[in-house]
Amino acid sequence: MNIELGLILGLLVIAIALFILNRPRMDVVGVMALVALPLTGVLTVSETLSGLSDPNVVLIAALFVVGDGLVRTGVAHKVGDWLLTQAGTSESKLIILLMSAVALLGSTMSSTGVVAIFIPVVLRIAYRTHIAPSRLMMPLSFAGLISGMLTLVGTAPNLVVNGELVRSGFPGFSFFSFTPLGVPILVLGIGYMLFARRWLPQQNQEKNSKRPPITLLDFINKYHLHERLFQMRILPHSPWIGHSLVDLKLRTSQRISVLAFEKMQTKNRKTLSLDQSAPLAAGDILLIEFLDKDMDREETCQRFHLEKLPFTGAYFSQHAQDIGMAELLLPPGSELVGQTIVEAAFRSRYEITVVGIRRNLGAFSHGLVDEKLEPGDCLLVVGPWKTIKALGADRQDYVVLNLPAELSDYTPVARKAPHAIACVLVMVALMISGVVPNVLAAFIACLAMGAFGCINVESAYRSIHWPSLLLISGMMPFAIALQKTGGVDLAASSLVTLVERGSLHIPLALLFIATVLVGLFVSNTATAVLMAPMAISMAQKFDASPYPFAMIVALAASTAFNTPVSSPVNTLVVEPGRYRFHDFVRLGAPFSFLIMIISVILVPLFFPFS
């Protein structure tokens, strides 16, 4: 061993020790590696920073943007809703369906991309089911890695090994060569995760907070809206038909406040509108409040040809995509103090409607519009989510006290969902066909989503998880350093010498172990690059077929379950799952051993030694 190799191995040991201690953050360790490696003199600055321009790193960034497009258009939410509908309240069913769906999709496109896309889906499922994200993120990453064992294009290491076969003069693997081996491993993985989930961290995101997040239903009950609001359908011959709410001036002329109304867009689809200038039509359903407690509602319905409909507190939850809520607090210096709701002109000034007032821990049951506001009053307001999200900009006249949990489910461009799905399908088709490199296919999808309005520049930049990219980029140069210092050649020579004699199943097992061990320190793609030539060389030494040895390397390279830096798939789930280094070791090491056993048994059956 030379001095340079000793320096690189020393840095690698320090990095792994810091990962285990979880101090500092993993992405900071990655940056520290970027600083330290050039100082050894083994790598140049350009070589050290090559990870930042690596196509796989750029691909991950692009797929974060694609995932954001699926979230903003509601596609991710619908996938989560489908999984929840099928699984019900069963965590076991949810894990089975989640791992199956991720593995199936990941078998035809980048496993890293699939995991990046599914992270927001899983976080939403975890919130809605009150399951700790840590209970679902590890199954997600395991399924992402297993998906690479199902088809030739499932992961980059498969293509690396296949390319080495072709360069050595052998026909490559077919698209489905991996499937007979990957399917049993997927079944094993699902069964293993159902058993091993007891070892996962139990922290629930709600238990970690001081109080559970408030919901729309909580607002409704807190301000007794279900006692004050009514739904009314406009019947034919109503004098309101053809007029807008601005023209009718119902608040002043009839003492009726219209908060919103539903319009039938298609045969089976209604949309909730807050537009006071839109003309009303027969069949529209109004959400109204009678401002006078003693007002004769029946007479009003007859006079204006309205039909009363049942109204429950679930109304706002059912229309959570169309209408939002917020709770505001009036500070002593607010200009709104001393004014009534009408005088404050909330609708024209802020584009919101006040639907509730709380004072001295009690909610007003009537007379809201005539009540003069006082310091300390809490106001419940409704309006478009875009307006609700922007309320924090004005910090003088009010303070945003509470925002509902449903804000995280808001999809600002839900109507663009078909475009987002089409973009993803085109990306998957390009990746399967190989017409363009995967990174270009992802960029094409990003540009198409931008052109169709599924994403915008601001949301695209926000969607990229930069700590994950820094960690991956910081660890990639170690593969170059180990190659330059002879560390890889030293390991390869030792392994070949060790397995020159004995049953061919033993070399397969040792080759699998060696590949997994190398994968502890470098990415699985780099592992395949290093180990594929060794596998074919070993097969030639034993005068055996290269296919079982090449397949073992491909499977072992995807068996990157043991550390958070073994694969970008693992790195992506560290933060949302709040995992530590030892969480991956505790679950990954036993599962890797099981995969080794099943691979050593099955590979020679499908790819004989002779």
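Residues numbered from 1 in each chain as written. Predicted model: local features only at pLDDT ≥ 70, side-chain atom pairs only at ≥ 80, totals over all residues. Heavy atoms only, no water.

### Focus on the overall build of the protein chain
The line we're drawing: Put simply, DSSP marks the helices as runs of H or I at least four residues long and the strands as runs of E at least two long, and each gets a number from the N terminus on. The rule is simple: take the accessible area with a 1.4 Å probe, protein chains only, and divide by the maximum for that residue type; under 20% is buried, over 50% is exposed, in between is partly exposed. Should any heavy atoms of two residues lie within 4.5 Å, those residues are counted as being in contact. Here the Shrake-Rupley method, with its probe set to 1.4 Å, supplies the accessible areas, and only the displayed protein chains count as covering residues.
Within the protein chain one finds 30 helices and ten strands. Taken along its principal axes, the extent of the C-alpha atoms in the protein chain is 100 × 50 × 40 Å. Taking all 610 residues of the protein chain together, 55% fall into the buried category. If you take every contact in the protein chain between residues at least 6 apart in sequence, the share linking residues at least 24 apart comes to 79%. Element-wise, carbon and sulfur atoms account for 62% of the exposed surface of the protein chain, whose accessible area totals about 26400 Å².

### Here we look at the confidence of the model for the protein chain
For clarity, the threshold we go by: Known as pLDDT, the predictor's confidence for each residue is given on a scale from 0 to 100.
Residues of the protein chain with pLDDT of at least 70 account for 92%, and the chain-wide mean is 84. Across the protein chain, the element-wise mean pLDDT spans from 63 in strand β3 (residues 270-273) up to 95 in helix α10 (residues 179-196). Taken as a whole, residues 204-210 scores under 50 in pLDDT and shows eleven contacts with residues more than four places along the chain or in a different chain.

### Thoughts on the sheet that holds strand β7 (residues 353-359)
Strand pairing within a sheet occurs via backbone hydrogen bonds; the two strands may be parallel or antiparallel. Here is the rule: Whether two strands pair comes down to DSSP finding at least two bridges between them.
Spatial ordering of the open sheet is given by β8-β7-β9-β6-β10, a layout of five strands whose pairing is antiparallel. In this open sheet, the two edge strands, each paired with only one partner strand, are β8 (362-363) and β10 (399-402). Here five bridges tie β7 to strand β9 (residues 378-383), and the two strands are oriented antiparallel to one another. Within β9, the position partnered with T353 by the bridge is V382.

### Notes on the pattern of salt bridges
The condition that has to hold: The salt bridge criterion pairs a side-chain nitrogen of Lys or Arg with a carboxyl oxygen of Asp or Glu, the two atoms within 4 Å.
Here the structure, examined in full by the defined rule, presents 17 salt bridges. Of the charged contacts, one joins R135 and E91 as a salt bridge, the two residues approaching to 3.1 Å between their closest N and O atoms. With R135 in helix α8 (residues 134-147) and E91 in helix α6 (residues 91-106), this residue pair connects regions lying 44 residues apart in the sequence. Take R135: its relative accessible area is 12%, and that puts it in the buried class. Here E299 makes a salt bridge to R303, at a shortest N to O gap of 3.0 Å.

### Some words on helix α28 (residues 546-558)
Condition: The span you would expect from a helix comes to 1.5 Å times its residue count less one. Identification of polar contacts relies on pairs of N or O atoms within 3.5 Å, with a donor-acceptor requirement for protein atoms, meaning one able to donate a hydrogen and the other able to accept it, and with residues adjacent in sequence counted only if both atoms are side-chain atoms.
Spanning 13 residues, α28 covers 19 Å between terminal C-alpha atoms, matching the ideal 18 Å at 1.5 Å per step. With twelve of 13 residues buried, α28 is to be regarded as a mostly interior element. For α28, the set of buried residues is P546, P548, F549, A550, M551, I552, V553, A554, L555, A556, A557 and S558. With a side-chain oxygen lying 3.3 Å from the backbone nitrogen of Y547, the N-terminal cap of α28 falls on S545.

### Details of the environment of I597
Mapped onto the elements, I597 comes out in helix α30 (residues 581-606). It is 9.8 Å that separates the C-alpha atoms of I597 and F512, two residues lying 85 residues apart in sequence.

### Remarks on the environment of A282
With respect to the helices and strands, the residue A282 is situated in the loop between β3 and β4 (285-290). Along the chain, A282 and I234 lie 48 residues apart, while their C-alpha atoms are 5.2 Å from each other.

### Overview of the side chain of T353
Structurally, the position occupied by T353 is in strand β7. By relative accessible area, which is 6% here, T353 ends up buried. Among the polar contacts listed, one links the side chain of T353 to the side chain of R347, at a separation of 3.0 Å. In this structure, T353 is in contact with R251, L259, R347, L380, V381 and V382, ignoring residues within four places of it in sequence.

### A short note on the packing of helix α20 (residues 417-433) against helix α21 (residues 438-452)
Defined as follows: Axis geometry follows a simple rule: fit a line to the C-alpha atoms, using only the stretch in contact for helices, then measure angles between N-to-C directions, giving values from 0 to 180 degrees. Under this scheme an angle from 65 to 115 degrees is roughly perpendicular, one under 35 degrees roughly parallel, and one over 145 degrees roughly antiparallel; angles in between are oblique. Handedness of a crossing is defined here by the sense of rotation of the near helix relative to the far one, left-handed for an anticlockwise turn of less than a right angle and right-handed for a clockwise turn. Residues are grouped as follows: Ala, Val, Leu, Ile, Met, Phe, Trp, Tyr, Cys and Pro are nonpolar; Asp, Glu, Lys and Arg are charged; all remaining types, including Gly, are polar.
Remark: α20 packs on α21, axes separated minimally by 9 Å, with the N-to-C direction vectors making an angle of 165°. By the angle between their axes, α20 is roughly antiparallel relative to α21. Remark: the crossing between α20 and α21 carries right-handed chirality. Residues H419, A420, C423, V424, M427, L430 and M431 of α20 form the contact with α21, whose own contacting residues are N438, A441, A442, I444, A445, A448, M449 and F452. Residues belonging to the contact of α20 with α21 are distributed by class as follows: 13 nonpolar, two polar and no charged.

### Section: the packing of aromatic side chains
Filter applied, for reference: Here a pair means two rings of Phe, Tyr or Trp (six-membered ring of Trp) with centres within 6.5 Å. Their orientation is stacked below 30 degrees between planes, edge-to-face above 60, and tilted elsewhere.
Applying the stated criterion across every chain yields a total of 15 aromatic pairs. Between F142 and F591, the ring centres sit 5.5 Å apart and the planes meet at 20°, which makes this aromatic pair stacked. Of the two residues, F142 is situated in helix α8 and F591 in helix α30; the sequence distance between them amounts to 449 residues. Comparing F142 with F591, the two get one shared label, buried. Geometrically, the ring pair formed by F230 and F290 is edge-to-face, given 5.5 Å between the ring centres and 65° between the ring planes. Of this pair, F230 sits in strand β1 (residues 229-234) while F290 sits in strand β4, and the two are 60 residues apart along the sequence.

### Re the pairing of β9
Taking burial as the measure, the six residues of β9 include six buried ones, the bulk of the element. Burial along β9 is two-sided: the residues C378, L380 and V382 and L379, V381 and G383 are all buried.

### Concerning helix α26 (residues 505-519)
With 15 residues, α26 should reach 21 Å at 1.5 Å per residue; the first-to-last C-alpha distance of 21 Å fits that figure. When we look at burial in α26, the residues that qualify are P507, L508, A509, L511, F512, A514, T515, V516 and G519.

### Here we look at the side chain of D583
Residue placement: D583 occurs in helix α30. D583 gets classed as buried once you look at its relative accessible area, which sits at 3%. Polar side-chain contacts of D583 include one of 3.1 Å to the side chain of R586.

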